[in-house]
Every structure is written in C-alpha cells, then in structure tokens.
Amino acid sequence: MTATSEPGPMGEGRQQLRPGLWATVNERYPGSMITKRDLVPLAPLGKPLSECRLTFVSTSGVQAKGSVPFDTVHPVGDYSFRRVPSASRVDELEIHQLKYPTADAHRDLNVIFPIERLQELAAEGVIGGLTEHFFTFIGYNMDPERLERTLAEDIAAAVSDEGADIALAAPA
Amino acid sequence: MTEHAKPPRAAFAPFMMGHHFGVPFHRDLQRRIIEDCLDLVVTAEQSGTIRDLPLTWAQARREGMEIERRLGLRG
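Residues numbered from 1 in each chain as written. Chains lettered and ligands numbered in written order. Predicted model: local features only at pLDDT ≥ 70, side-chain atom pairs only at ≥ 80, totals over all residues. Heavy atoms only, no water.

On to the pairing of strand S6 (residues 133-136) of chain A, then. All names here are of chain A. Here S6 shows a buried face lined by His 133 and Phe 135 and a second buried face lined by Phe 134 and Thr 136. By the bridge criterion, 2 bridges tie strand S1 (residues 53-58) to S6 in an arrangement that is parallel. What sits directly across from Val 57, in S6, is Phe 135. Pairing of strand S3 (residues 82-85) with S6 involves 4 bridges; the strand directions are antiparallel. Paired with Val 84 across the two strands is Phe 134, which belongs to S6. (Buried < 20%, exposed > 50% of the residue type's maximum accessible area, 1.4 Å probe, protein only. Helix = DSSP H or I, 4+ residues; strand = E, 2+ residues; numbered from the N terminus. Pairing = 2+ DSSP bridges.)

Here you go:
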C-alpha cells in the first residue's frame, strides 16, 4: 500500500476537483441527485480477504453479448440490471451506455469493468473467489427514489443470493 | 457526488469518466486500484471514509502511453 490522505467521514477537509458541481447538476435537474442524510453502519469484514467472495456492481452498462440491451435513450433511464457471468471473457461482453466516453473501454474493457484483474486476484487467492455473476446497470437514472426502491433493492437481493462477502461498486 | 451518496467506504481516483480503473493495458494500475479498494475494506474504521488514491491522470496517461509503445500499439 502506498500512503494516502484520508479526510474525515462526510468528506471534511477534502479538496473538490470541481467545486459546486453537485449543486449545479441538482439545480439543472431538480431531484435527480442522490442525497443521503445518514451514514450506514460500517459492516466489519468477518474473515480474511483470502476467504471472501467478491462481487462487482457497475454502472458501466457492460453486458453479455446477446442479452437484452439497456435502454440508453429513455428520458428517465433504465431501471433494470443485467447479470454478467464473472467467468466471461472480455470478447463475450459489450457496452450499452452512451453517457461516458467508451473509446478506451472498447480498447481494454478493464479500464471500466476490470473483470480480468478480478479473475486474476481470485485465481491467485488474494480474494477467496468471485460470485457467479457481476451486476451492471446504466448510470443515467433521473429518479433516485425509484432507483433506490427498485433497482438498488433488486441488485442488493441478487448480490445477497449469490453469497457475496464483499461488493466492489464502481460508477462509470 | 460520493459525499452526497455516503457509501460506507469509497476510494477516489482522479481520473476521467470511463476510466475508473485506469488506462488501457496498464494492468498494474488497474490491479492496484482494486487492491487499494480491498485494503479499505479491511482498514476503514468509520463509515463514510473516502480515501483519495495518490494518483494523477497525467501520470496514468504517461505510463499507459509507454506501455502501448512497448506493446507496439502506439508509434
């Protein structure tokens, strides 16, 4: 591990790369941004990493070729998710999302969906293994209340069903 | 955004959208970011911890271009 700076919880003392961005987006698209008032309790890891099964949750819109594409042009978003087999090869996957630059991800999917690195970490025993599937959706959803009530709950249930000890979640 | 959503633990890499795990073909960087996240799972003591990873986009890009040159993907 390298040294890191670590401001307090709630971000006190953090330097913002783009100050005011959240407020600007929220002003232009009222109600579209997630704001939680409370921190969830920190769940301690009950066993060594090398015994933990990891799942990956991503807003990248990566999905298995042949699965129903995400609706990338719906005005309020697509509130469904896809199960992506964690044993997939990169050439079995494709991206259905328009809201972030994908040129580099098309050259090496691992920049946004690091499936090969996660497979390596599992094979080397750094982590205990991977859930059978990873979970993806698209990050353009304009109704955070609906997202929390439907998509987030659905993914949380699916993650739990697959016996994940750790969830690595990444935006795109 | 992360501060508003308040996940229990978060690692922040100051990279462009679509590059949260680094740059193409830079396996070491992609792996290091995941390992830093795993370390946070083990070491975070308070919910809401946001760890700034000691990375810069300029350096990641430079290293990525060098790797691509070595791989013959860039002149």
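The structure having been displayed, the exposition proceeds.
Moving on to the interface of chain B and chain A. Reports often express the size of an interface as the amount of accessible area lost when the parts come together. Each partner contributes residues to the interface: chain B has 42 residues there, and chain A has 54 residues. Taken together, both faces of the contact between chain B and chain A bury some 4300 Å²; the carbon and sulfur share is 63%. Counting across the chain B and chain A interface gives 4 salt bridges. Between Arg107(A) and Glu68(B) there is a salt bridge, with its nearest N and O atoms 2.4 Å apart. Taken together, the connections running from chain B to chain A amount to 14 residue pairs in polar contact (both at pLDDT 80 or more). For the side of chain B that touches chain A, the secondary-structure elements that each account for two or more residues are helix H1 (2-5), strand S1 (9-12), helix H2 (27-43), strand S2 (49-52) and helix H3 (57-70) of chain B. The element contributing the most residues to the side of chain B that touches chain A is H2(B), with 12 residues. Classifying every residue of the side of chain B that touches chain A gives 18 nonpolar, 10 polar and 14 charged. (Contact = heavy atoms within 4.5 Å. Buried area = accessible area lost by both parts, 1.4 Å probe. Salt bridge = Lys/Arg side-chain N within 4 Å of Asp/Glu carboxyl O. Polar contact = N/O pair within 3.5 Å; in protein donor to acceptor, adjacent residues only side chain to side chain. Nonpolar A, V, L, I, M, F, W, Y, C, P; charged D, E, K, R; others polar.)

Below, the discussion takes up the environment of Arg70(B). Relative to the helices and strands, Arg70(B) resides in helix H3. Residues Arg70(B) and Cys37(B) lie 33 residues apart in sequence; the distance between their C-alpha atoms is 28 Å.

This paragraph deals with the packing of aromatic side chains. Residues and elements named next belong to chain A. Applying the stated criterion across every chain, the model contains 6 aromatic pairs over all chains. Seen in terms of ring centroids, Phe 56 and Phe 134 are 5.9 Å apart; in terms of plane orientation they differ by 90 degrees. Their pairing is edge-to-face. Within this pair, whereas Phe 56 is found in strand S1, its partner Phe 134 is found in strand S6, the two being separated by 78 residues in sequence. No difference in accessibility class separates Phe 56 from Phe 134, as the two residues are buried. Ring centres of Phe 113 and Phe 134 lie 6.1 Å apart, and the angle between their planes is 70 degrees; this geometry places the pair in the edge-to-face category. In this pair, Phe 113 is assigned in the loop between helix H2 (103-107) and helix H3 (115-123) and Phe 134 in strand S6, connecting sequence segments 21 residues apart. Of note, Lys 99 hangs over the ring of Tyr 140, and the distance from its end group to the ring centre comes to 4.3 Å. Taking NZ or CZ as reference, Arg 146 lies 4.0 Å from the ring centre of Tyr 79, over its face. (Phe/Tyr/Trp six-rings, centres within 6.5 Å; stacked < 30°, edge-to-face > 60°. Lys NZ or Arg CZ within 6 Å of the ring centre and 35° of its normal.)

Moving on to the pattern of salt bridges. Overall, the coordinates contain 15 salt bridges over all chains when judged by the stated rule. The closest approach of N and O atoms between Lys36(A) and Glu148(A), which form a salt bridge, is 2.6 Å. Residue Lys36(A) is found in the loop between helix H1 (21-28) and S1, and its partner Glu148(A) is found in helix H4 (residues 144-161); the two are separated by 112 residues along the sequence. Given a relative accessible area of 40%, Glu148(A) falls into the partly exposed group. A salt bridge links Asp91(A) to Arg89(A); the shortest N-O distance between them is 3.1 Å. Overall, Asp91(A) belongs to the partly exposed group, its relative accessible area being 47%. Three or more residues joined by partner-sharing salt bridges are found here, namely Asp104(A), Arg107(A), Arg61(B), Glu68(B) and Arg74(B).

Functional significance is not addressed by these values, which are geometric in nature.
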